[in-house]
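Descriptive structure summary
One-letter residues, chain by chain:
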Amino acid sequence: MLRHILRAALRKPQIHPPWNPKSNSTVPSISAFDHNHFCYFSSKSNLAKAKKTDPKSKKKSTNEATADSSATDVVDAAFFDDGAKRVRHLMEDEKDPSLDVGPNGRPLFTSTPSLSQLTRKDTCTYFKFSEEGLNGALPEGLPKGMAKEFEDSMRRAVLVRQSFLDLRDNFRRIVDTHPLSSGGKDPKVRKQIVLDGPVSCGKSITLAMLVHWARDEGWLVFYVPRGREWTHGGFFYKHPETGLWDTPVQAENILKDFLKYNDPILKKLPCHIFDPVPLGEGAGVGWMKGVDSMAVPEGSTLYDLIQIGIKLTHAAVGVVVRLRKELSLVKDIPVLIAIDQYNNWFTFSEYEEPVTIRSCRPIHARELATLESCVKTCLMFL
């Protein structure tokens with residue numbers, strides 16, 4: 001076993017085929033050695049044999065296990081050192097401008113300082129993000145694809161694709177009343193767009209870049225980087241009046257995420273609907289006795305509305321549904337709704353409804369109150 005691990009550790013890592021900068025796929029990386037592939041699992045027969053062994057064989061097997069564990073630790077330490085060396089080399093390379101050479105002799109990294117100023121000349125180059133800028137613009141968290149891109153390349157940089165520029169310019173024309181072209185007709189503006197493509201082709205990264213750009217421009221953005229979480233986990237209850245299923249835990253998390261970046265903007269936007277917010281069953285606490293709705297005071301802002309849903313678990317789902325309606329009435333500022341993992345909203349959720357003692361019916365995502373309200377008004381989704 002020890003010899004097998006050491007022999008595998010000395011093998012050279014596999015390198016993917018050369019990367020084509022014109023392709024729509026993410027940048028390939030060198031696959032690293034993973035010691036989990038060499039974990040040993042004993043079968044029942046082996047375990048039975050081990051019970052019959054004498055103390056000497058037990059001591060020998062213990063020594064072998066200790067040696068295997070030590071060898072694994074050595075391999076892990078070696079790869080950790082290699083990763084640290086690579087990071088240092090990358091930092092040193094960034095200081096040498098002669099190494100910033102991409103295809104056809106063009107710079108590998110663009111010097112354009114913002115996503116708003118990127119042009120067609122910047123396509124097939126890399127745009128660098130600062131850690132502070134990413135955390136500030138995307139406090140809800142990075143999408144899985146972008147996080148993996150940064151981890152594999154050990155850089156906070158993404159490829160500038162023409163698809164992102166077209167997407168950005170489409171939404172820019174929605175608020176820009178001046179025509180972009182001097183002679184011919186401008187491209188038709190689309191308010192609802194679905195990004196489609198193979199797995200890991202860059203959809204999530206493009207959507208995150210669009211959200212970053214929109215927030216830099218002062219838009220109000222409702223960003224969901226992990227749409228799958230809306231249909232998995234937490235409590236679920238069927239509301240007797242709507243016939244839909246309430247998920248109060250998810251609703252509360254939705255409201256908290258929306259506040260992370262938009263807190264100052266929401267405090268300035270007034271509510272347009274003052275009907276009472278219907279209450280549902282709270283997360284693990286049941287129904288409120290004698291109360292079926294929560295009043296929205298006159299003069300409340302969208303921030304005040306969201307606080308009702310956060311502080312009172314019975315109102316969380318109702319506030320999410322109301323917030324969707326309120327966002328459609330905002331006229332003072334452009335609004336963008338960006339949903340990643342959107343396909344999870346068109347299949348079955350994790351929840352099941354008991355039908356008989358021995359059978360359950362899977363609950364479809366469209367039967368969830370939070371999704372039924374948001375699917376109808378998405379301005380931008382994935």
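Residues numbered from 1 in each chain as written. Predicted model: local features only at pLDDT ≥ 70, side-chain atom pairs only at ≥ 80, totals over all residues. Heavy atoms only, no water.

Per an unreviewed UniProt entry, the protein chain carries the name Small ribosomal subunit protein mS29 and comes from Hevea brasiliensis. Regarding the protein chain, the UniProt comment filed under Sequence similarities (unreviewed entry) reads as follows: "Belongs to the mitochondrion-specific ribosomal protein mS29 family." As recorded by UniProt, the Subcellular location (unreviewed entry) comment attached to the protein chain reads in full: "Mitochondrion". (UniProt positions renumbered as here; feature names shortened; annotations may be inferred.)

Another point: the overall build of the protein chain. When its secondary structure is counted, the protein chain shows 11 helices and 11 strands. A sequence separation of at least 24 residues applies to 69% of the contacts in the protein chain between residues at least 6 apart. Carbon and sulfur atoms provide 56% of the accessible area of the protein chain, an area that totals close to 22800 Å². (Helix = DSSP H or I, 4+ residues; strand = E, 2+ residues; numbered from the N terminus. Contact = heavy atoms within 4.5 Å. Areas by Shrake-Rupley, 256 points an atom, 1.4 Å probe, with all protein chains shown as cover.)

This next bit is on the pairing of strand S8 (residues 335–339). Burial of S8 is extensive: 5 of the 5 residues sit out of reach of the surface. What you see with S8 is no split at all: Val335, Ile337 and Ile339 on one side and Leu336 and Ala338 on the other are buried throughout. Across 5 bridges, strand S3 (residues 220–224) lies against S8 in parallel orientation. Bridged to Tyr223 within S8 is Ala338. (Buried < 20%, exposed > 50% of the residue type's maximum accessible area, 1.4 Å probe, protein only. Pairing = 2+ DSSP bridges.)

Let us look at the packing of helix H5 (residues 144–153) against helix H7 (residues 203–216). At a closest axis distance of 7 Å, the pairing of H5 and H7 adopts a crossing angle of 100°. With respect to H7, the element H5 is oriented roughly perpendicular. Contacts from Gly145, Met146 and Glu149 in H5 reach Ile205, Ala208 and Met209 in H7. Here the contact of H5 with H7 is composed, by residue class, of 4 nonpolar, 1 polar and 1 charged. (Axes fitted to C-alpha atoms, helices over the stretch in contact; angles between N-to-C directions. Parallel < 35°, antiparallel > 145°, perpendicular 65-115°, else oblique. Nonpolar A, V, L, I, M, F, W, Y, C, P; charged D, E, K, R; others polar.)

What the rule picks out here adds up to 12 salt bridges. Lys148 serves as the salt-bridge partner of Asp152, at 2.7 Å between the closest nitrogen and oxygen. Within this pair, Asp152 and its partner Lys148 are both found in helix H5, separated by 4 residues, close to a single helical turn. Residue Asp152 is classed as partly exposed on the basis of its relative accessible area, which comes to 23%. A salt bridge links Glu367 to Arg361; its shortest N-O distance comes to 3.1 Å. (Salt bridge = Lys/Arg side-chain N within 4 Å of Asp/Glu carboxyl O.)

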